[in-house]
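Chain by chain, the residues run as shown.
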Amino acid sequence: QVQLVESGGGLVQTGGSLRLSCAASGRTFTSYNMGWFRQTPGKEREFVAAITWSGGYTKYGDSVKGRFTISRDNAKNWVYLQMNSLKPEDTAVYYCAAGRPTAWSLANENNYDSWGQGTQVTVSS
């Protein structure tokens, strides 16, 4: 498994931007597909975005398409989530995850076996 630590969350106004970062430890980082999920109290965890090990394929949840961008730096073991045009409904705890899902199952949280502790994102109206 790989150890993950998220950072970059905070409070932002509607329409603003934030960039979340996820630092991964371990020499096998490049063998993992990476995902971002989010969760609010009382709701199930929601898929946000994912990227394959090479960075060659990305997938996004419908609610964030066109606003969020996932990327990774395999040389430095980092994954990023650039969030633009933020809305109050984007308020949640955001989690970074690592696993080996197939390209067509990137959105399934059950295919990820390493998770970070989460970082809070709050978008004020």
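Details of the structure are given in the entry above.
Residues numbered from 1 in each chain as written. Predicted model: local features only at pLDDT ≥ 70, side-chain atom pairs only at ≥ 80, totals over all residues. Heavy atoms only, no water.

Undergrad: In this structure, what is going on with the nonpolar core? I would like to understand it.
TA: One broad rule of soluble globular proteins: the nonpolar side chains tend to lie buried together. Core analysis: the largest hydrophobic core is formed by 28 residues, its most contacted members being Met34, Trp36, Leu81, Met83 and Tyr94. At the level of elements, strand E3 (18–25), strand E4 (33–39), strand E5 (46–51), strand E7 (68–73), strand E8 (78–83), strand E9 (92–99) and strand E11 (119–124) are the ones that each hand at least two residues to this core. Each residue touching tyrosine 94, except ones within four places of it in the same chain, is listed here: Glu6, Leu20, Trp36, Phe37, Arg38, Val48, Phe68, Leu81, Met83, Gly118, Thr119 and Val121. With six residues, the next largest nonpolar core counts Phe47, Ala50, Ala97 and Leu106 among its residues. (Core = buried A, V, L, I, M, F, W, Y, C linked by side-chain atoms within 4.5 Å. Buried < 20%, exposed > 50% of the residue type's maximum accessible area, 1.4 Å probe, protein only. Helix = DSSP H or I, 4+ residues; strand = E, 2+ residues; numbered from the N terminus. Contact = heavy atoms within 4.5 Å.)

Undergrad: Sorry, what's going on with the packing of aromatic side chains here?
TA: When we look at a pair of aromatic rings, we describe it by the centre distance and by the angle of the planes. Taken as a whole and assessed by the stated rule, the structure comprises five aromatic pairs. Here phenylalanine 37 and tyrosine 112 contribute two aromatic rings whose centre-to-centre distance is 5.2 Å and whose plane-to-plane angle is 75°, an arrangement assigned as edge-to-face. One end of the pair, phenylalanine 37, is in strand E4; the other, tyrosine 112, is in strand E10 (residues 112–115), and 75 residues separate them in sequence. Tyrosine 112 carries the same exposure label as phenylalanine 37, and that label is buried. Measuring from centroid to centroid gives 6.1 Å for tryptophan 78 and tyrosine 80, while their planes differ by 5°, and the two rings are stacked. (Phe/Tyr/Trp six-rings, centres within 6.5 Å; stacked < 30°, edge-to-face > 60°.)

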